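For reference, the chains in residue letters:
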Amino acid sequence: MTIAQIKYVIEVAKTKSINAAAQALFISQSGLSTAIKELEEELGITIFNRTNRGISITNEGETFIRYANNVLLQYKLMEEKYFGSGEVKKTFSVSMHHSTFATKIFAEIIREYGIKEYEYSLYETRTKTVFDNVSNAKSELGILYISSFNREYYSKVFKNANLSFEVLGSFPVCAYVGEQHPLADRKEITLSELEDYPCLIFDQDENSSFYFYEEIISAYEYKNIIRTSDRGTTLELMREIDAYSVGIGTFYEERHDKGLTAISIKTDEKIDVGFIKRIDSNLSKLGERYIELFKDYVKKLGA
């Protein structure tokens, strides 16, 4: 097994295409296929299933790619250390659901530790990508929202992906609306009262499970849906039209200075907010500090 073969596998997994990977790697398609086939034979596993419709990653392949990403990361650090300037920055990366306060805590980490010694990455992304980024060591931590609807399903995913999950706080459910919304002056509301208004939902990958939605879909079947891909678009739509989004009741900053308001939803449902990490890894100094700050923030909110 060579570093080149590891790079080949990771690129094919990323592009889901031998042809696209070959172009990105500047090698022939036949050469790439041969190199991966030889690696599979050497390891005695099948990394990719090949069909007329393209390729897919096997369960064995998913496990191999997790280790391969770790190996390649360490290899790049060694290259920079011994063949580069010798000044390699440490990295800290978090992937997360769409979250205001998780971003604020990340900013606090940057303020505390500075940018001279560390390189930071913060990915606000889809649920499956949060899982993949942590599982493949692209991120050290993943911040997730979990409801009773998807809790059991997520537990199975964590086990299969060698991930652990720790709850940091349980929060009430709120509807977020613009100040112009007809229901904006309400203190409490039922989901049925919202059904005639469009619900803003963060879009998930079309191949992802229904359980990967951040919103508490189990509690209510949304009649009118507008899908968005980022938090900024969601906030702007709430200001411009009579739409709403559903999430945890910690929206205090937006509530007061960004033209939005939070309305408590009458339900027994609670949303757990927590983090995932790889079972076989220890948190870095920054990872431990991030979780410490997260717990302090939860206490401040009284969750």
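Quick summary incoming for the structure in this document.

Reading the values: the criteria
- Residues numbered from 1 in each chain as written.
- Predicted model: local features only at pLDDT ≥ 70, side-chain atom pairs only at ≥ 80, totals over all residues.
- Heavy atoms only, no water.
- Helix = DSSP H or I, 4+ residues; strand = E, 2+ residues; numbered from the N terminus.
- Buried < 20%, exposed > 50% of the residue type's maximum accessible area, 1.4 Å probe, protein only.
- Contact = heavy atoms within 4.5 Å.
- Areas by Shrake-Rupley, 256 points an atom, 1.4 Å probe, with all protein chains shown as cover.
- Salt bridge = Lys/Arg side-chain N within 4 Å of Asp/Glu carboxyl O.
- Axes fitted to C-alpha atoms, helices over the stretch in contact; angles between N-to-C directions.
- Parallel < 35°, antiparallel > 145°, perpendicular 65-115°, else oblique.
- Left-handed = near helix turned anticlockwise from the far one by under 90°.
- Nonpolar A, V, L, I, M, F, W, Y, C, P; charged D, E, K, R; others polar.
- Core = buried A, V, L, I, M, F, W, Y, C linked by side-chain atoms within 4.5 Å.
- Phe/Tyr/Trp six-rings, centres within 6.5 Å; stacked < 30°, edge-to-face > 60°.
- Arc of directions from axis to C-beta.
- Pairing = 2+ DSSP bridges.

## Focus on the overall build of the protein chain
For step 1, the next point in the chain: Along the backbone of the protein chain there are ten helices and 13 strands.
For step 2, the next point in the chain: Looking at the 303 residues of the protein chain, the share that counts as buried comes to 45%.
For step 3, the next point in the chain: Relative to all contacts within the protein chain whose residues are 6 or more apart in sequence, the contacts with residues 24 or more apart total 75%.
For step 4, the next point in the chain: Surface accessibility of the protein chain: about 15900 Å² in total, with carbon and sulfur atoms responsible for 48%.

## A closer look at the pattern of salt bridges
For step 1, the next point in the chain: The tally for this structure, following the rule as stated, stands at ten salt bridges.
For step 2, the next point in the chain: Residue Lys 295 is joined to Glu 166 by a salt bridge in which the shortest nitrogen-to-oxygen separation is 3.4 Å. In this pair, Lys 295 is assigned in helix α10 (residues 285–301) and Glu 166 in strand β6 (residues 163–171), connecting sequence segments 129 residues apart.
For step 3, the next point in the chain: Using a relative accessible area of 34% as the deciding quantity, one classes Glu 166 as partly exposed.
For step 4, the next point in the chain: Two residues, Glu 292 and Arg 289, come together in a salt bridge whose shortest N-O distance is 3.2 Å. Residue Glu 292 and its partner Arg 289 are both found in helix α10; the two are separated by three residues, about one turn of the helix.

## A word on the packing of helix α5 (residues 100–113) against α10
For step 1, the next point in the chain: For the pair α5 and α10, interaxial distance at closest approach is 10 Å and the crossing angle is 130°. One finds that α5 runs oblique with respect to α10. In this structure, α5 crosses over α10, and the sense of that crossing is right-handed. Contact residues: α5 offers Phe 101, Ala 102, Lys 104, Ile 105, Phe 106, Glu 108, Ile 109, Glu 112 and Tyr 113, while α10 offers Lys 285, Leu 286, Arg 289, Tyr 290, Leu 293, Phe 294 and Tyr 297.
For step 2, the next point in the chain: Across the contact of α5 with α10, the residue classes break down as eleven nonpolar, no polar and five charged.

## Comments concerning the nonpolar core
For step 1, the next point in the chain: In terms of nonpolar packing, the biggest core is built from 50 residues, with Phe 92, Ile 143, Tyr 290 and Phe 294 touching the most fellow members.
For step 2, the next point in the chain: Element by element, the count of residues in this core is highest for α10, at eight residues.
For step 3, the next point in the chain: Ignoring any residue separated from it by four or fewer positions in sequence, one finds Phe 294 in contact with Phe 101, Ala 102, Ile 105, Ile 143, Leu 168 and Val 273.
For step 4, the next point in the chain: Counting residues in each nonpolar core, the second largest holds 20 residues, with Tyr 8, Val 9, Leu 32 and Leu 39 among its members.

## Some thoughts on unusual backbone geometry
When glycine is set aside, most residues are seen to have a negative phi, and most peptide bonds are trans.
For step 1, the next point in the chain: Of note in the backbone geometry, Phe 26 takes a positive phi value of approximately 60° without being a glycine.
For step 2, the next point in the chain: By the secondary structure assignment, Phe 26 is in the loop between α2 (18–25) and α3 (29–43).
For step 3, the next point in the chain: Owing to a relative accessible area of 76%, Phe 26 belongs among the exposed residues under this scheme.
For step 4, the next point in the chain: Even without being a glycine, Ala 137 presents a positive backbone phi close to 70°.
For step 5, the next point in the chain: Inspection of the secondary structure assignment puts Ala 137 in the loop between α6 (127–135) and β5 (141–146).
For step 6, the next point in the chain: For Ala 137, a relative accessible area of 15% gives the class buried.

## Overview of the packing of aromatic side chains
Describing an aromatic ring pair means giving the distance of the ring centres and the angle of the ring planes.
For step 1, the next point in the chain: Evaluation of the coordinates by the stated rule reveals eleven aromatic pairs.
For step 2, the next point in the chain: For the pair Phe 106 and Tyr 290, a centre-to-centre distance of 6.4 Å together with 65° between the ring planes defines the contact as edge-to-face. Taken as a pair, Phe 106 in helix α5 and Tyr 290 in helix α10 lie far apart in primary sequence, 184 residues in all. Each member of the pair Phe 106 and Tyr 290 is classed as buried.
For step 3, the next point in the chain: Ring geometry for Phe 131 versus Phe 158: centroids 5.7 Å apart, planes at 75°, classification edge-to-face. Separated by 27 residues along the polypeptide, Phe 131 in helix α6 and Phe 158 in helix α7 (residues 151–160) bring together distant segments of the chain.
For step 4, the next point in the chain: For Phe 131, a relative accessible area of 4% puts it in the buried group.

## Side note on α7
For step 1, the next point in the chain: Tyr 154, Val 157 and Phe 158 are the residues of α7 that are buried. All buried residues of α7 fall inside an arc of 100° around its axis, so they share one side. Looking at α7, the residues exposed on the side facing more than 90 degrees away from the buried face are Glu 152, Lys 156, Lys 159 and Asn 160.
For step 2, the next point in the chain: Against α6, β5, β6 and β13 (271–278) lie the buried residues of α7.

## Some remarks on the sheet that holds β13
For step 1, the next point in the chain: A sheet is described by the order of its strands in space; here five strands give the open sequence β4-β3-β5-β13-β6, paired in mixed fashion. With partners counted over all chains shown, the strands left at the sheet margins are β4 (118–124) and β6, one partner each. On average, adjacent strands in this sheet sit at an angle of 20° to one another, irrespective of strand direction.
For step 2, the next point in the chain: Sheet topology places strand β3 (residues 90–96) next to β4; seven bridges connect them, and they run parallel. The residue bridging Thr 91 from the neighbouring strand is Glu 119, located in β4.
For step 3, the next point in the chain: Across the face of the sheet, α5 comes into contact with β3, β4, β5 and β13 while running at roughly 175° to β4.
For step 4, the next point in the chain: The strands touched by α10 are β3, β4, β5, β6 and β13; relative to β6, the strand with the most contacts, the crossing angle is about 25°.

Read these as spatial facts, not as claims about activity.
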